[in-house]
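Summary of the model geometry
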Amino acid sequence: MADYLNLPNVENQNRMASALEEIARTNKTTDFSNSPGPKVLTEGDTTAGFYGFVQPHEFGTIEGNPVSREEMSASNLALALGITQGLVQNDKTAWMKFHRNGDILFHPVAPLRSRISWNALYDAGAVYGDGTIGVNPPNGRAGDTISVDGSNNAFVIEQIEDHWRRSGANIANVGDTIVARGFSNDANNGEFIVQSITDYQIVVSDSLVTEEGNKDVSVYNKEDAVTQDATVTIGGVTYDVLLLRGGDSDPLDSYNDSDRGLVGSNSDWNNLVLPLHERAKVGNWNYTNYAGDVDDWGIGLTDETLVTHHTVDEGSYRWMQETGDAHPSRRVIRGYHGASYGDVGYSWGTFTSRGWAPALRQRS
């Protein structure tokens, strides 16, 4: 697997650095923190803006790791977070520094790990970064495909491939405690003991009230819930560790639309990463509908640099936060067929293409 600073060659790096310095001279400082890297936005604004690139050594050392593993790298960051699943990729990749909705955010140029599941990242508390259990714990289901049949005291899922007992994502067994959230009738929210379970319904002992589903609904096994509060301290700076948002809502709304619900102001991928890509200049994306209207920040990164095409290396599919609304046991992934592409994958999948590229959000 590659172990290099994942940026263009030295000549192009120097050219990019000079261009960024020239742009910075005309802009004002927007980062007054002690975070590493440039302090002046070169493109965009504090809602979605780009500072420049940061090399791993600029972060400083990782606190809490053994002395021999304090250097900032993909492998040492995983060690600090207790992430062991998968295979290290691009151990010394550079990072991109952004301003996002008022926060300083770092994201690696290339994936740090492949063959890793979304579930493993969730179990490490490193998906949502909000201090809650998140929208949809592993093996849970979310969205309006879930309804309630009061006549049978059952939670029902539409007869799609992501049924309750799908291999790899069995939501519960008889006697387990499930949690239901987001229903309009309070009788349908709370903890319930599973009395019986089939592919398409979970019968509980409590009395339920018939109700159609809605986008805010989620049903999950209580034992699968983990607080999403992973942090790491590097060079004296503490960061929340999370995944980028690959779509505009969670769950998506809707995967069956022409843009697959990936376009909008809430999509970190579209608003931070795609403007750095060479295709932003003319908009000739492999999947224009999934990219939407993207600003060109003039950096010119490629699918080879970002490892966002499967012909480049493993980990080209990046895990994102969201659940797919049409496939409620799957999570959003971006890349694989180029940076603009988006899809949903089984949350338990550990395929060679599945990649981890975390966001480090500086704590104020």
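Note that this is a predicted model, so its numbers are computed, not measured.

The secondary structure content of the protein amounts to seven helices and 20 strands. Taken against the 2.2 N^0.38 rule, which gives 21 Å for 364 residues, the C-alpha radius of gyration of the protein at 21 Å falls within 12% of a compact globule. Counting only C-alpha atoms and orienting by the principal axes, one finds that the protein spans roughly 70 × 45 × 35 Å. In the protein, buried positions account for 55% of the 364 residues. Taking all contacts inside the protein whose residues are at least 6 apart in sequence as the whole, residues at least 24 apart take part in 67%.

As a further point, take the nonpolar core. One finds Phe59, Met96, Val232, Trp356 and Leu360 to be the most contacted residues of the largest nonpolar core, which totals 72 residues. A per-element tally of this core places strand β2 (residues 48-54) first, with five residues. Not counting residues within four places of it along the chain, the set of residues in contact with tryptophan 356 comprises Leu77, Ala78, Leu81, Ile83, Pro111, Leu112, Arg113, Ile116, Leu121 and Leu243. Val148, Trp164, Ile178 and Val204 belong to the second largest nonpolar core, which has 18 residues in total.

Let us now look at the packing of aromatic side chains. Summed over the entire model, instances satisfying the criterion amount to 18 aromatic pairs. Judged by centre distance (6.3 Å) and plane angle (35°), the ring pair of tyrosine 317 and tyrosine 341 falls under tilted. Of this pair, tyrosine 317 sits in strand β16 (residues 317-323) while tyrosine 341 is found in the loop between β17 (330-335) and β18 (342-346), placing the two residues 24 residues apart along the sequence. The residues tyrosine 317 and tyrosine 341 share a single accessibility class, namely buried. Taken together, the ring pairs connect Tyr287, Tyr290, Tyr317, Tyr336 and Tyr341 into an aromatic cluster. When the ring centre of tyrosine 51 is taken as origin, the NZ or CZ atom of lysine 97, which lies over that ring, is 4.9 Å away. We note arginine 331 situated over the ring of tryptophan 118; from NZ or CZ to the ring centre the distance is 4.2 Å.

Let's shift gears to the sheet that holds strand β12 (residues 201-204). Strand order in the open sheet formed by seven strands is β7-β13-β10-β11-β12-β9-β8, with antiparallel pairing between adjacent strands. In the strand order of this sheet, the two ends are held by β7 (141-142) and β8 (146-149), each with one partner.

What follows covers the pattern of salt bridges. Taken as a whole and judged by the stated rule, the model has 13 salt bridges. The salt bridge involving aspartate 31 is made with lysine 97; its shortest N-O contact spans 2.6 Å. Of this pair, aspartate 31 sits in the loop between α1 (10-25) and β1 (43-44) while lysine 97 sits in strand β4 (residues 95-100); the two residues are 66 residues apart in sequence, bridging distant segments of the chain. Comparing aspartate 31 with lysine 97 shows no difference in burial state: the two are buried. The salt bridge partner of arginine 363 is aspartate 240, with a shortest N-O separation of 2.7 Å. Here aspartate 240 lies in strand β15 (residues 237-242) and arginine 363 lies in the segment after β20 (359-362), a separation of 123 residues in the sequence. The class of aspartate 240 is buried, set by a relative accessible area of 10%.

When the pLDDT values of the protein are averaged, the result is 93; 93% of them are 70 or greater. Counting contacts from residues 1-5, a segment whose pLDDT is below 50, to residues more than four positions away or on other chains yields 19 contacts.

Moving on, we come to the environment of threonine 305. Mapped onto the elements, threonine 305 comes out in helix α7 (residues 303-306). Each C-alpha atom, one on threonine 305 and one on phenylalanine 183, is 44 Å from the other, the two residues being 122 residues apart in sequence.

Okay, the environment of glycine 143 next. Secondary-structure assignment places glycine 143 in the loop between β7 and β8. Residues glycine 143 and serine 316, 173 residues apart in the sequence, show an inter-C-alpha distance of 27 Å. Beyond its immediate stretch of four places on either side in the chain, glycine 143 contacts Asn214, Lys215, Val217 and Pro251.

Within β18, five of the five residues are buried, leaving the element largely enclosed by the surrounding structure. Bridge count for β17 against β18 is five bridges, and the pairing is antiparallel. In the sheet register, arginine 334 faces β18, and the bridge partner there is glycine 342. Following β17, the chain reverses through six residues before pairing antiparallel with β18; tyrosine 336 in that reversal takes a positive phi of roughly 80°.

Following aspartate 250, the chain continues to proline 251 via a peptide bond in cis, the omega torsion being -5°. Cis peptide bonds are those with omega within 30 degrees of zero, and the linkage from aspartate 253 to serine 254 qualifies with 0°. Inspection of the secondary structure assignment puts serine 254 in the loop between β15 and α5 (268-273). Residue asparagine 90 is not a glycine yet carries a positive backbone phi of 45°. With respect to the element layout, asparagine 90 can be found in the loop between β3 (87-88) and β4. Classification of asparagine 90 as buried rests on a relative accessible area of 0%. With a phi angle near 55°, arginine 260 is a residue other than glycine that sits in the positive phi range. Take arginine 260: it is sitting in the loop between β15 and α5.

Let us look at the sheet that holds β4. The strand order across the open sheet built from seven strands is β1-β2-β4-β5-β20-β15-β14, with neighbouring strands paired in antiparallel fashion. In this open sheet, the two edge strands, each paired with only one partner strand, are β1 and β14 (231-234). Pairing analysis gives six bridges linking β2 to β4, with the strands arranged antiparallel. What sits directly across from valine 54, in β4, is tryptophan 95. In the packing of helix α3 (residues 74-81) onto the sheet, contacts are made with β4, β14 and β15, and the angle to β14 comes to roughly 130°.

Conventions and cut-offs
- Residues numbered from 1 in each chain as written.
- Predicted model: local features only at pLDDT ≥ 70, side-chain atom pairs only at ≥ 80, totals over all residues.
- Heavy atoms only, no water.
- Helix = DSSP H or I, 4+ residues; strand = E, 2+ residues; numbered from the N terminus.
- Rg over C-alpha atoms; globule rule 2.2 N^0.38 Å.
- Buried < 20%, exposed > 50% of the residue type's maximum accessible area, 1.4 Å probe, protein only.
- Contact = heavy atoms within 4.5 Å.
- Core = buried A, V, L, I, M, F, W, Y, C linked by side-chain atoms within 4.5 Å.
- Phe/Tyr/Trp six-rings, centres within 6.5 Å; stacked < 30°, edge-to-face > 60°.
- Lys NZ or Arg CZ within 6 Å of the ring centre and 35° of its normal.
- Pairing = 2+ DSSP bridges.
- Salt bridge = Lys/Arg side-chain N within 4 Å of Asp/Glu carboxyl O.
- pLDDT = per-residue confidence, 0-100.
- Axes fitted to C-alpha atoms, helices over the stretch in contact; angles between N-to-C directions.

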